[in-house]
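So you can see what is in the structure, the chains are spelled out below.
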Amino acid sequence: MKDLQGKVVVVTGAADGIGRALAEAFAAGGARLVLADVDGPRVEVVGRELADSGTDVIAVRTDVSDREQVLCLRDAALDRFGAVDVLCNNAGVMGPVGDPLWELPVAEWRRVMEVNLWGVLHGIQAFVPAMLAAGHPGHVLNTASMQGVTSGTLIPEYTVSKHAVVALSESLRAQLAARQAPVGVSVLCPGAVSTGLPAKEERRLAAFGRQEPWALAPGSGSQDRNWGTTLTPAQVARAAVAAVRDGRFYVFTHPGSTDRVRARTGPLLEAADQAADQTGYETADRISRPASAGRSSRG
Ligand SMILES: NC(=O)c1ccc[n+]([C@@H]2O[C@H](COP(=O)([O-])OP(=O)(O)OC[C@H]3O[C@@H](n4cnc5c(N)ncnc54)[C@H](O)[C@@H]3O)[C@@H](O)[C@H]2O)c1
């Protein structure tokens, strides 16, 4: 999607942070915008500001965890613009950073999964059929995270949701490619970004007044955490929009991404290499033939 001029771009989570920056970056490229956020007043303000600077834009209060609301968002987009060219499933929430995960209430797991995973799935199910029916080139950009390709002790509910978004994006890309559909996919995997995401989580947990160890908010307490280099939302949005233009799938934005991906995939590859020794399958071409093939194990 080299030329964004006049293209219709939907951005969820557009009231703040990366979503807002994505909206501004697409607007700078000449796109028309459909902005969605659960924070209705705030997304209205972003819409008005973009309209004042000449962008053709609508803002629609939408909770992406609610399928019906996402279907209404699609209808609003099609009513206004007649088509959607780019869908950015970006809305997300963080969840507590404390552990242990086995004490994290199911409601906390569910809240994160419903926004971060189901929100993306609702977007895909609402918009991709319309994009395919239109038959012209389109693109889906899903915001995952570096947490979608790594893992560790912190925010397991968030990490699990983002791994799911990466896997969902990989499957979507494969299924669209198998149909030779003109719809591309990218998955955005940033490290730390200077947004209000952790502060919102802190405020939410403070309102609960909880003392449980799992209820620790990001930025609070004595936890030894290193989020690495922090980029601005605008820097991340620039990289994401460039990837949509170039049709690139994985979008890493932060220095040090290679090391973090290696730290995850290194042990996987090592374990996979050892499989041959441990199972008696010596080489790939013998994968369906154990070393003992031809000999009867019963003599
Ligand atoms: N900030 C980071 O360090 C970072 C890093 C990697 C990935 N991300 C991801 O980037 C995306 C945007 O996060 P951000 O950092 O810009 O945070 P943010 O809080 O600044 O923006 C998120 C927006 O999503 C909206 N939102 C939350 N729940 C929603 C719902 N149910 N329906 C619709 N909108 C909803 C919020 O109101 C907010 O406007 C998220 O998916 C997040 O997981 C953030």
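Everything below is about the structure shown above.
Note that the structure is a prediction, hence the values are computed from the model and not measured.

S.K.: Any details on the packing of helix H1 (residues 17-28) against helix H2 (residues 40-52)? Residues and values, ideally.
M.R.: The interhelical angle for the contact between H1 and H2, taken along N-to-C directions, is 20 degrees, at an axis separation of 11 Å. With respect to H2, the element H1 is oriented roughly parallel. Between H1 and H2 lies a crossing whose hand is right-handed. In this structure, H1 contributes Arg20, Ala23, Glu24 and Ala27 to the contact, and H2 contributes Val46, Glu49 and Leu50. Residue composition of the contact of H1 with H2, grouped by class: four nonpolar, no polar and three charged.

S.K.: Run through the environment of Ala36, naming residues and quoting values.
M.R.: Of note, Ala36 is situated in strand E2 (residues 32-37). Setting aside residues up to four positions removed in sequence, Ala36 forms contacts with Val11, Thr12, Gly13, Ala14, Val43, Val60, Thr62 and Leu73.

S.K.: Now, about the site of the ligand: what can you tell me, with residues and values included?
M.R.: Taken together, 28 residues surround the ligand, and among them Ile18, Asp37, Tyr158, Thr195 and Lys200 come closest. Alone, the ligand offers 820 Å² of accessible surface; in the complex the protein occludes 93% of this. For the shell around the ligand, the secondary structure elements donating two or more residues are H1, helix H6 (156-178) and helix H7 (197-208). Of the residues that constitute the shell around the ligand, the class distribution is 13 nonpolar, ten polar and five charged.

S.K.: Which residues make up helix H5 (residues 118-134), and what are the values?
M.R.: Counted at 1.5 Å a residue, the expected span for H5 with its 17 residues is 24 Å, and the 24 Å between its end C-alpha atoms agrees. Largest kink in H5: about 30 degrees, centred on Phe127, with the proline Pro129 one to four residues after it.

S.K.: Pulling in residues and values, what's your account of helix H3 (residues 67-81)?
M.R.: The terminal C-alpha atoms of H3 lie 21 Å apart, and with 15 residues this matches the ideal 21 Å at 1.5 Å per residue to within 8%. Among the residues of H3, Val70, Leu71, Leu73, Ala77 and Phe81 are the ones counted as buried. Seen end-on, H3 carries its buried residues on one side only, within an arc spanning 155 degrees. Turned more than 90 degrees off the buried face of H3, the exposed positions are Glu68, Cys72 and Asp79. Of the surrounding secondary structure, the elements contacted by the buried residues of H3 are strand E1 (8-12), E2, strand E3 (57-61) and H5.

S.K.: Go over the pattern of salt bridges with me, naming the residues and quoting the values.
M.R.: Using the criterion set out here, one finds eleven salt bridges in the structure. Between Asp16 and Lys200 there is a salt bridge, with the nearest N and O atoms lying 2.7 Å from each other. Taken together, the residues span a long stretch of sequence, with Asp16 in the loop between E1 and H1 and Lys200 in helix H7 at a distance of 184 residues. The exposure class of Lys200 is partly exposed, given its relative accessible area of 37%. Salt-bridge contacts for Arg248 lead to Asp246; the nearest nitrogen and oxygen are separated by 3.4 Å. Owing to a relative accessible area of 42%, Asp246 belongs among the partly exposed residues under this scheme. Within the structure, one salt-bridge network assembled from shared partners comprises Glu108, Arg111, Glu201 and Arg204.

S.K.: Report on the pairing of strand E6 (residues 183-189), specifying residues and quantitative values.
M.R.: Among the seven residues of E6, six are classified as buried, and the element is accordingly described as predominantly covered. As judged from the six bridges shared by strand E5 (residues 138-143) and E6, these two strands associate in the parallel manner. Its bridge partner lying in E6, Asn142 is registered against Val187. One ladder, built from three bridges, connects E6 with strand E7 (residues 250-252); its direction is parallel. From the neighbouring strand, Cys189 faces E7, where its bridge partner is Phe252.

Thresholds, definitions, all that
Residues numbered from 1 in each chain as written. Predicted model: local features only at pLDDT ≥ 70, side-chain atom pairs only at ≥ 80, totals over all residues. Heavy atoms only, no water. Axes fitted to C-alpha atoms, helices over the stretch in contact; angles between N-to-C directions. Helix = DSSP H or I, 4+ residues; strand = E, 2+ residues; numbered from the N terminus. Parallel < 35°, antiparallel > 145°, perpendicular 65-115°, else oblique. Left-handed = near helix turned anticlockwise from the far one by under 90°. Contact = heavy atoms within 4.5 Å. Nonpolar A, V, L, I, M, F, W, Y, C, P; charged D, E, K, R; others polar. Near = heavy atom within 4 Å. Areas by Shrake-Rupley, 256 points an atom, 1.4 Å probe, with all protein chains shown as cover. Expected span 1.5 Å × (residues − 1). Bend = angle between axes of the 7 residues up to and from the residue. Buried < 20%, exposed > 50% of the residue type's maximum accessible area, 1.4 Å probe, protein only. Arc of directions from axis to C-beta. Salt bridge = Lys/Arg side-chain N within 4 Å of Asp/Glu carboxyl O. Pairing = 2+ DSSP bridges.

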